[in-house]
Amino acid sequence: MPDTFKKELLETVAQVRGVLEDFLTLGIREIDFPELPGELPVCPPETCGIDHGGQGLCRSESLEEIRAELEDCRRCPLCEGRKNIVFGVGNPNARLVFVGEAPGREEDEKGEPFVGEAGRLLDRILFAMGLTRPDVYICNVLKCRPPGNRDPRPEEIEACEPYLKRQLAAIRPEIIVALGQFAAQTLLRDQSPISRLRGEWREYQGMPLLPTFHPAYLLRNPASKKEVWEDMKLVMNRLREGQGGGA
Ligand code: URA
Ligand code: URA
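These figures come from a predicted structure and were not determined experimentally. (Residues numbered from 1 in each chain as written. Chains lettered and ligands numbered in written order. Predicted model: local features only at pLDDT ≥ 70, side-chain atom pairs only at ≥ 80, totals over all residues. Heavy atoms only, no water.)

**Considering the packing of aromatic side chains**
Okay, so step 1: Summed over all chains, the structure comprises one aromatic pair.
Okay, so step 2: The interplanar angle of 35° and the centroid separation of 4.8 Å between the aromatic rings of Phe 213 and Tyr 217 together place this pair among those described as tilted.
Okay, so step 3: According to the relative accessible area criterion, Phe 213 is buried, its value standing at 6%.
Okay, so step 4: The ring of Trp 201 carries Arg 238 above its face, with NZ or CZ at 4.4 Å from the centroid. (Phe/Tyr/Trp six-rings, centres within 6.5 Å; stacked < 30°, edge-to-face > 60°. Buried < 20%, exposed > 50% of the residue type's maximum accessible area, 1.4 Å probe, protein only. Lys NZ or Arg CZ within 6 Å of the ring centre and 35° of its normal.)

**A short note on the side chain of Thr 186**
Okay, so step 1: With respect to the helices, strands and loops of the structure, Thr 186 is situated in helix H7 (residues 180-188).
Okay, so step 2: According to the relative accessible area criterion, Thr 186 is buried, its value standing at 9%.
Okay, so step 3: In this structure, Thr 186 is in contact with Val 141, Ile 157 and Glu 161, ignoring residues within four places of it in sequence. (Helix = DSSP H or I, 4+ residues; strand = E, 2+ residues; numbered from the N terminus. Contact = heavy atoms within 4.5 Å.)

**Here's the deal with the site of ligand 1**
Okay, so step 1: Around ligand 1, the surrounding shell consists of Gly 100, Glu 101, Ala 102, Glu 107, Pro 113, Phe 114, Asn 140 and His 214.
Okay, so step 2: At a separation of 2.7 Å, a nitrogen atom of ligand 1 approaches a polar side-chain atom of Asn 140.
Okay, so step 3: Residue His 214 places a side-chain N or O atom 2.8 Å away from an oxygen atom belonging to ligand 1.
Okay, so step 4: Taken by itself ligand 1 offers 230 Å² of open surface, and the protein chains cover 90% of this.
Okay, so step 5: Under a 2 Å grid-point criterion requiring more than half of the atoms, the pocket assigned to ligand 1 is the largest pocket. (Near = heavy atom within 4 Å. Polar contact = N/O pair within 3.5 Å; in protein donor to acceptor, adjacent residues only side chain to side chain. Areas by Shrake-Rupley, 256 points an atom, 1.4 Å probe, with all protein chains shown as cover. 1 Å grid on protein atoms, 1.4 Å probe; cavity = no way out; pocket = protein on both sides within 12 Å on 5 of 7 lines; lining within 4 Å. Sits in = over half its atoms within 2 Å of the grid points.)

**Considering helix H5 (residues 117-128)**
Three- or four-residue spacings in an α-helix give side chains the same orientation, since the helix completes a turn every 3.6 residues.
Okay, so step 1: Taking 1.5 Å as the rise per residue, H5 with 12 residues should run 16 Å; its terminal C-alpha atoms sit 17 Å apart, in good agreement.
Okay, so step 2: In this structure, the buried side of H5 is in contact with strand E2 (96-100), strand E3 (137-140), strand E4 (175-179), helix H9 (215-220) and helix H10 (225-241). (Expected span 1.5 Å × (residues − 1).)

**Some remarks on the layout of surface pockets**
Okay, so step 1: When its volume is computed, the largest pocket comes out at roughly 710 Å³.
Okay, so step 2: Taken together, 29 residues make up the lining of the largest pocket; nearest its centre are Glu 101, Ala 102, His 214, Ala 216 and Arg 220.
Okay, so step 3: Every element with two or more residues in the lining of the largest pocket is listed here: helix H4 (105-110), H5, H7 and H9.
Okay, so step 4: When the residues that make up the lining of the largest pocket are grouped by side-chain class, the tally is 12 nonpolar, nine polar and eight charged. (Points joined across faces, edges and corners; volume = space filled by probe spheres on them. Nonpolar A, V, L, I, M, F, W, Y, C, P; charged D, E, K, R; others polar.)

**Quick notes on the site of ligand 2**
Okay, so step 1: Neighbouring residues of ligand 2: Gly 180, Gln 181, Ile 194, Phe 213, His 214 and Tyr 217.
Okay, so step 2: Interatomic distance of 3.2 Å between a backbone N/O atom of Gln 181 and a nitrogen atom of ligand 2.
Okay, so step 3: Between ligand 2 and His 214 there is a distance of 2.6 Å, counted from an oxygen atom to a backbone nitrogen or oxygen.
Okay, so step 4: Notes on ligand 2: free accessible area 240 Å², of which the protein chains cover 76%.
Okay, so step 5: According to the grid-proximity analysis, the pocket containing ligand 2 is the largest pocket.
Okay, so step 6: When grouped by side-chain class, the residues that make up the shell around ligand 2 number three nonpolar, three polar and no charged.

**A look at the environment of Arg 67**
Okay, so step 1: Secondary-structure assignment places Arg 67 in helix H3 (residues 63-70).
Okay, so step 2: Owing to a relative accessible area of 30%, Arg 67 belongs among the partly exposed residues under this scheme.
Okay, so step 3: Spatially, the C-alpha atoms of Arg 67 and Val 86 are 10.0 Å apart, while their sequence positions differ by 19 residues.
Okay, so step 4: Ignoring sequence-local partners within four residues, the contact set of Arg 67 consists of Ile 85 and Phe 87.

Here you go:
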């Protein structure tokens, strides 16, 4: 045991003893400990996204709770132009999560991510991996459509990313795939171009993350599909190494 830790431990014991002796002097013989709310797993603070208030304990949130907190979100100006918040879809226990950029027109209409042309390509990629939408979870960095599909702005990311972080903490997938430059750069805090980021394993909040090209980019540059397929093979191998198979 390191000496500094031993010293802190002894000091703590001395403090506790002091408090208990005070209780005895005050005539307090029993202590009512407040009941902890249900089964509380200890949640690694770096992954949980909940303010612990310094207690180090938390109940992991459900996706429904996070969605309920977003409610009719007005935390950034994108709320003015949106039809629907596009929170995310799929399996709350997914082993694999895809994170895109932001909803487009069709996603905004339906309130569901990747339902346009890029989404149909994502479905085909999933199919080739032996997966379907309900096996995985799909969401975006931004939950509301930027007007005219312009690039997301820093203040929009700042307002919205905490919710993505909490979604990923709630699911805790075995693998996160960042679709495209924007998702990869945002999650990794790394401004390298996607052509450099893709295909290399990284980490987000302790979870393995693999950046790859965005399906919308593949629609314009079909030759890059083979690189995405190389990346998806890395994903499949890693899932296979984990328990079971399927996602
Ligand atoms: N592009 C994205 O990044 N996300 C969507 O949901 C649709 C298109
Ligand atoms: N630019 C992007 O934003 N994403 C890609 O996947 C490729 C180029």
